[in-house]
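Residues per chain are reported as follows:
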Amino acid sequence: MHPAGLAVTSCGLLAARCRHFPVCWQKTTLKNLGGFWSVENLGMEPPRMSPVVEPLSWMLGTWLSEPPGAGTFPTLQPFRYLEEAHISHVGQPMLNFSFNAFHPDTHKPMHRECGFIRLEPDTNKVAFVSAQNTGIVEVEEGEVNGQELCIASHSIARISFAKEPHVEQITRKFRLNSEGKLEQTVSMATTTQPLTQHLHVTYKKVTP
Ligand code: HEM
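1. A word on the overall build of the chain
- Summing up its helical and strand segments, the chain has one helix and 11 strands in all.
- Going from N to C terminus, the chain has its helices and strands arranged as α-β-β-β-β-β-β-β-β-β-β-β.
- Looking at the 208 residues of the chain, the share that counts as buried comes to 43%.
- Put simply, 40% of the contacts in the chain that link residues at least 6 apart link residues at least 24 apart.

2. As for the packing of aromatic side chains
- One pass over the structure, following the stated rule, counts five aromatic pairs.
- Ring geometry for Phe 97 versus Phe 128: centroids 4.7 Å apart, planes at 15°, classification stacked. Taken as a pair, Phe 97 in strand E4 (residues 94-102) and Phe 128 in strand E6 (residues 125-132) lie far apart in primary sequence, 31 residues in all. When sorted by exposure, Phe 97 lands in the same class as Phe 128, which is buried.
- Three or more aromatic residues joined by ring pairs make a cluster, and in this case those are Phe 97, Phe 99, Phe 128 and Phe 174.

3. Description of the site of the ligand
- Surrounding the ligand, one finds 19 residues, the nearest of these being Thr 75, Phe 79, Lys 163, Arg 172 and His 198.
- At 3.2 Å, a side-chain N or O of Lys 163 approaches an oxygen atom of the ligand.
- Here a nitrogen atom of the ligand sits 3.1 Å away from a polar atom, N or O, in the side chain of His 198.
- Of the pockets mapped on this structure, the ligand occupies the largest pocket.
- Breaking the shell around the ligand down by element, the ones donating at least two residues are strand E3 (79-88), strand E5 (109-119), strand E9 (167-176), strand E10 (182-190) and strand E11 (196-205).

4. Considering the pattern of salt bridges
- For the structure shown, the criterion picks out six salt bridges.
- Between Glu 141 and Lys 125 there is a salt bridge, with the nearest N and O atoms lying 3.9 Å from each other. Taken as a pair, Glu 141 in strand E7 (residues 136-145) and Lys 125 in strand E6 lie far apart in primary sequence, 16 residues in all.
- For Lys 125, a relative accessible area of 41% translates into the label partly exposed.
- Between Arg 172 and Glu 138 there is a salt bridge, with its nearest N and O atoms 2.7 Å apart. Taken together, the positions of Arg 172 in strand E9 and Glu 138 in strand E7 put the pair 34 residues apart, joining distant regions of the chain.
- Under the relative-accessibility criterion, Arg 172 is labelled buried at 4%.
- A cluster of three or more residues bridged by salt bridges with shared partners is formed by Glu 113, Glu 138, Glu 140 and Arg 172.

5. Some points on the coordination of the iron atom of the ligand
- Its sole protein donor being His 198 (NE2), the iron atom of the ligand sits 2.3 Å from that atom.
- The topology assignment puts His 198 in strand E11.

6. Points about the pairing of strand E1 (residues 61-65)
- In terms of burial, E1 is a largely internal element, five of the five residues being buried.
- Where burial is concerned, the two faces of E1 agree: the one with Gly 61, Trp 63 and Ser 65 and the one with Thr 62 and Leu 64 are both buried.
- Judged from the four bridges that link them, E1 and E3 form a sheet pairing that is antiparallel. Among the inter-strand pairings, Gly 61 is bridged to a residue of E3, identified as Ile 87.
- In terms of strand pairing, E1 meets E11 through three bridges, oriented antiparallel. Bridge assignment links Leu 64 to a residue of E11, and that residue is Lys 204.

What counts and how
Residues numbered from 1 in each chain as written. Predicted model: local features only at pLDDT ≥ 70, side-chain atom pairs only at ≥ 80, totals over all residues. Heavy atoms only, no water. Helix = DSSP H or I, 4+ residues; strand = E, 2+ residues; numbered from the N terminus. Buried < 20%, exposed > 50% of the residue type's maximum accessible area, 1.4 Å probe, protein only. Contact = heavy atoms within 4.5 Å. Phe/Tyr/Trp six-rings, centres within 6.5 Å; stacked < 30°, edge-to-face > 60°. Near = heavy atom within 4 Å. Polar contact = N/O pair within 3.5 Å; in protein donor to acceptor, adjacent residues only side chain to side chain. 1 Å grid on protein atoms, 1.4 Å probe; cavity = no way out; pocket = protein on both sides within 12 Å on 5 of 7 lines; lining within 4 Å. Sits in = over half its atoms within 2 Å of the grid points. Salt bridge = Lys/Arg side-chain N within 4 Å of Asp/Glu carboxyl O. Donors = N, O, S within 2.8 Å, 3.2 Å for Na, K, Ca; no water. Pairing = 2+ DSSP bridges.

Here is the structure:
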(Lines give C-alpha, C1' and ligand atoms only; values in the text may rest on other atoms or scores of the structure.)
Protein backbone atom coordinates (compact mmCIF):
# COMPACT_ATOMS: atom_id res chain seq x y z
CA MET A 1 0.00 0.00 0.00
CA HIS A 2 1.22 3.49 -0.84
CA PRO A 3 1.83 5.67 2.31
CA ALA A 4 -1.01 7.99 1.21
CA GLY A 5 -3.37 5.04 1.47
CA LEU A 6 -3.56 4.45 -2.27
CA ALA A 7 -3.50 0.98 -3.70
CA VAL A 8 -0.24 0.39 -5.54
CA THR A 9 -0.66 -0.88 -9.06
CA SER A 10 2.07 -1.99 -11.41
CA CYS A 11 1.27 0.96 -13.70
CA GLY A 12 1.83 3.54 -10.93
CA LEU A 13 -1.40 5.35 -11.83
CA LEU A 14 -2.77 5.71 -8.30
CA ALA A 15 0.57 6.42 -6.69
CA ALA A 16 1.04 9.19 -9.31
CA ARG A 17 -1.60 11.26 -7.46
CA CYS A 18 0.84 11.62 -4.55
CA ARG A 19 2.58 15.04 -4.64
CA HIS A 20 5.94 13.38 -3.90
CA PHE A 21 5.69 11.20 -7.02
CA PRO A 22 7.88 9.76 -8.52
CA VAL A 23 10.46 9.78 -5.68
CA CYS A 24 7.90 8.51 -3.19
CA TRP A 25 6.73 5.94 -5.72
CA GLN A 26 10.28 4.66 -5.97
CA LYS A 27 10.42 4.10 -2.18
CA THR A 28 6.98 2.52 -2.18
CA THR A 29 7.88 0.24 -5.04
CA LEU A 30 11.00 -0.85 -3.22
CA LYS A 31 9.03 -1.62 -0.04
CA ASN A 32 6.35 -3.59 -1.79
CA LEU A 33 8.31 -5.60 -4.26
CA GLY A 34 8.55 -8.70 -2.13
CA GLY A 35 6.92 -10.41 -5.08
CA PHE A 36 3.57 -10.68 -3.30
CA TRP A 37 2.07 -7.20 -3.53
CA SER A 38 2.01 -6.69 -7.27
CA VAL A 39 -1.30 -7.26 -9.01
CA GLU A 40 0.13 -10.24 -10.90
CA ASN A 41 1.31 -12.06 -7.80
CA LEU A 42 -1.35 -11.29 -5.20
CA GLY A 43 -1.38 -14.15 -2.74
CA MET A 44 0.74 -16.38 -4.96
CA GLU A 45 4.32 -17.56 -5.08
CA PRO A 46 6.45 -15.52 -7.52
CA PRO A 47 6.19 -17.27 -10.91
CA ARG A 48 9.16 -19.18 -12.28
CA MET A 49 10.64 -17.52 -15.36
CA SER A 50 10.06 -19.36 -18.63
CA PRO A 51 13.42 -20.52 -20.07
CA VAL A 52 12.31 -19.04 -23.42
CA VAL A 53 12.85 -15.49 -22.11
CA GLU A 54 16.07 -16.20 -20.20
CA PRO A 55 18.17 -14.37 -22.91
CA LEU A 56 16.24 -11.19 -21.97
CA SER A 57 16.44 -11.65 -18.18
CA TRP A 58 18.97 -8.78 -17.90
CA MET A 59 16.07 -6.41 -18.71
CA LEU A 60 13.90 -7.48 -15.77
CA GLY A 61 13.21 -5.07 -12.94
CA THR A 62 11.90 -1.65 -12.10
CA TRP A 63 14.23 1.01 -13.41
CA LEU A 64 14.29 4.79 -12.92
CA SER A 65 16.00 7.23 -15.25
CA GLU A 66 19.27 8.48 -13.80
CA PRO A 67 20.24 11.01 -15.01
CA PRO A 68 16.97 12.26 -16.59
CA GLY A 69 16.42 11.11 -20.17
CA ALA A 70 17.42 13.39 -23.05
CA GLY A 71 15.01 14.11 -25.91
CA THR A 72 16.14 15.50 -29.25
CA PHE A 73 14.82 15.83 -32.80
CA PRO A 74 15.52 18.35 -35.58
CA THR A 75 12.05 19.91 -35.16
CA LEU A 76 12.11 20.04 -31.31
CA GLN A 77 13.88 22.00 -28.59
CA PRO A 78 16.04 19.52 -26.64
CA PHE A 79 14.16 18.36 -23.53
CA ARG A 80 14.66 16.26 -20.41
CA TYR A 81 12.31 13.71 -18.87
CA LEU A 82 12.03 11.25 -15.99
CA GLU A 83 10.99 7.72 -16.81
CA GLU A 84 10.08 4.61 -14.90
CA ALA A 85 10.56 1.37 -16.82
CA HIS A 86 8.91 -1.70 -15.34
CA ILE A 87 9.86 -4.98 -17.03
CA SER A 88 8.44 -8.16 -15.57
CA HIS A 89 7.14 -11.64 -16.36
CA VAL A 90 4.32 -13.77 -15.01
CA GLY A 91 5.83 -17.13 -15.97
CA GLN A 92 4.66 -16.90 -19.59
CA PRO A 93 7.25 -17.08 -22.40
CA MET A 94 7.29 -13.27 -22.79
CA LEU A 95 8.14 -10.13 -20.84
CA ASN A 96 5.61 -7.44 -19.92
CA PHE A 97 6.76 -3.83 -19.96
CA SER A 98 5.55 -0.33 -19.17
CA PHE A 99 7.54 2.86 -19.75
CA ASN A 100 6.04 5.92 -18.06
CA ALA A 101 7.64 9.32 -18.61
CA PHE A 102 7.17 12.44 -16.45
CA HIS A 103 8.11 16.09 -16.72
CA PRO A 104 11.36 16.58 -14.75
CA ASP A 105 10.11 19.66 -12.84
CA THR A 106 6.33 19.33 -12.56
CA HIS A 107 6.30 15.49 -12.54
CA LYS A 108 3.25 15.65 -14.82
CA PRO A 109 2.78 12.43 -16.82
CA MET A 110 4.09 12.62 -20.38
CA HIS A 111 4.65 9.77 -22.84
CA ARG A 112 3.43 6.31 -21.76
CA GLU A 113 3.60 2.96 -23.46
CA CYS A 114 3.16 -0.65 -22.50
CA GLY A 115 3.31 -4.01 -24.17
CA PHE A 116 5.14 -7.29 -24.48
CA ILE A 117 8.52 -8.56 -25.57
CA ARG A 118 8.54 -12.03 -27.13
CA LEU A 119 11.35 -14.31 -28.23
CA GLU A 120 11.03 -16.91 -30.93
CA PRO A 121 11.93 -20.11 -29.03
CA ASP A 122 15.47 -21.44 -29.64
CA THR A 123 16.49 -18.32 -31.59
CA ASN A 124 17.66 -14.81 -30.70
CA LYS A 125 14.78 -13.28 -32.71
CA VAL A 126 12.75 -10.78 -30.68
CA ALA A 127 9.37 -9.13 -31.26
CA PHE A 128 8.40 -6.00 -29.31
CA VAL A 129 4.71 -5.02 -29.28
CA SER A 130 3.75 -1.61 -27.87
CA ALA A 131 0.67 0.58 -27.40
CA GLN A 132 1.41 4.26 -26.76
CA ASN A 133 -0.75 6.99 -25.23
CA THR A 134 -0.19 9.09 -28.36
CA GLY A 135 -2.45 6.70 -30.28
CA ILE A 136 0.28 4.62 -31.91
CA VAL A 137 0.48 0.84 -31.82
CA GLU A 138 3.61 -0.70 -33.21
CA VAL A 139 5.56 -3.90 -33.70
CA GLU A 140 9.35 -3.89 -33.76
CA GLU A 141 11.53 -6.88 -34.48
CA GLY A 142 15.21 -7.60 -34.14
CA GLU A 143 17.78 -9.60 -32.23
CA VAL A 144 19.15 -9.99 -28.74
CA ASN A 145 22.90 -10.54 -28.59
CA GLY A 146 24.32 -10.87 -25.10
CA GLN A 147 23.04 -7.92 -23.10
CA GLU A 148 22.03 -5.84 -26.10
CA LEU A 149 18.70 -5.79 -27.94
CA CYS A 150 18.38 -4.01 -31.31
CA ILE A 151 14.94 -3.74 -32.89
CA ALA A 152 13.32 -1.81 -35.74
CA SER A 153 9.71 -1.17 -36.65
CA HIS A 154 7.96 -3.73 -38.73
CA SER A 155 4.50 -2.14 -38.59
CA ILE A 156 3.07 1.07 -37.14
CA ALA A 157 -0.63 1.93 -36.91
CA ARG A 158 -2.34 4.93 -35.33
CA ILE A 159 -5.70 6.39 -34.41
CA SER A 160 -7.40 8.45 -37.13
CA PHE A 161 -6.88 11.74 -35.23
CA ALA A 162 -3.23 11.22 -34.20
CA LYS A 163 -1.17 14.41 -34.06
CA GLU A 164 1.03 15.16 -37.07
CA PRO A 165 3.76 14.66 -38.14
CA HIS A 166 3.26 10.91 -38.12
CA VAL A 167 6.07 8.56 -37.18
CA GLU A 168 6.96 6.27 -40.08
CA GLN A 169 9.89 4.27 -38.68
CA ILE A 170 11.21 3.52 -35.17
CA THR A 171 14.43 1.87 -34.06
CA ARG A 172 15.48 1.07 -30.49
CA LYS A 173 18.56 -0.21 -28.79
CA PHE A 174 18.47 -1.50 -25.21
CA ARG A 175 21.69 -2.51 -23.49
CA LEU A 176 22.97 -3.26 -20.03
CA ASN A 177 26.10 -1.16 -19.62
CA SER A 178 29.27 -2.02 -17.69
CA GLU A 179 27.85 -0.26 -14.58
CA GLY A 180 24.78 -2.51 -14.57
CA LYS A 181 22.53 0.30 -15.82
CA LEU A 182 19.94 -0.19 -18.55
CA GLU A 183 20.11 2.15 -21.54
CA GLN A 184 17.48 2.81 -24.17
CA THR A 185 18.08 4.77 -27.37
CA VAL A 186 15.15 5.51 -29.67
CA SER A 187 15.40 6.93 -33.20
CA MET A 188 12.51 7.70 -35.51
CA ALA A 189 11.67 8.91 -38.98
CA THR A 190 8.56 11.04 -39.44
CA THR A 191 6.67 12.31 -42.47
CA THR A 192 8.96 15.37 -42.35
CA GLN A 193 12.32 14.06 -41.04
CA PRO A 194 14.65 11.15 -41.85
CA LEU A 195 15.66 8.60 -39.18
CA THR A 196 17.18 10.64 -36.32
CA GLN A 197 17.68 10.04 -32.60
CA HIS A 198 14.68 11.10 -30.47
CA LEU A 199 15.56 9.71 -27.01
CA HIS A 200 18.42 8.47 -24.94
CA VAL A 201 17.96 7.38 -21.36
CA THR A 202 20.00 5.50 -18.76
CA TYR A 203 18.08 3.79 -15.97
CA LYS A 204 19.21 2.70 -12.53
CA LYS A 205 17.64 -0.47 -11.16
CA VAL A 206 15.45 0.19 -8.11
CA THR A 207 14.51 -3.45 -7.44
CA PRO A 208 16.96 -5.89 -5.84
C1 HEM B 1 8.80 5.18 -29.37
C2 HEM B 1 8.39 6.18 -28.60
C3 HEM B 1 8.10 7.54 -29.14
C4 HEM B 1 7.68 7.92 -30.38
C5 HEM B 1 7.38 7.05 -31.59
C6 HEM B 1 7.56 9.36 -30.37
C7 HEM B 1 7.17 10.12 -31.45
C8 HEM B 1 7.13 11.50 -31.47
C9 HEM B 1 6.77 12.30 -32.62
C10 HEM B 1 6.38 11.75 -33.99
C11 HEM B 1 6.86 13.58 -32.25
C12 HEM B 1 6.59 14.83 -33.15
C13 HEM B 1 7.93 15.28 -33.74
C14 HEM B 1 7.80 16.52 -34.59
O15 HEM B 1 6.98 17.41 -34.24
O16 HEM B 1 8.54 16.65 -35.58
C17 HEM B 1 7.25 13.60 -30.87
C18 HEM B 1 7.41 14.76 -30.13
C19 HEM B 1 7.73 14.77 -28.79
N20 HEM B 1 8.04 13.70 -28.00
FE21 HEM B 1 8.07 11.76 -28.59
N22 HEM B 1 7.90 9.81 -29.13
C23 HEM B 1 8.23 8.74 -28.35
C24 HEM B 1 8.62 8.75 -27.04
C25 HEM B 1 8.72 9.88 -26.27
C26 HEM B 1 9.08 9.90 -24.88
C27 HEM B 1 9.43 8.67 -24.00
C28 HEM B 1 9.08 11.16 -24.47
C29 HEM B 1 9.38 11.61 -23.08
C30 HEM B 1 8.79 12.59 -22.47
C31 HEM B 1 8.70 11.99 -25.62
C32 HEM B 1 8.58 13.36 -25.63
C33 HEM B 1 8.26 14.12 -26.73
C34 HEM B 1 8.11 15.58 -26.68
C35 HEM B 1 8.26 16.45 -25.44
C36 HEM B 1 7.77 15.98 -27.97
C37 HEM B 1 7.48 17.42 -28.45
C38 HEM B 1 6.15 17.89 -27.99
C39 HEM B 1 5.01 17.07 -28.48
O40 HEM B 1 4.80 16.98 -29.71
O41 HEM B 1 4.31 16.46 -27.64
N42 HEM B 1 8.50 11.16 -26.69
N43 HEM B 1 7.42 12.35 -30.43
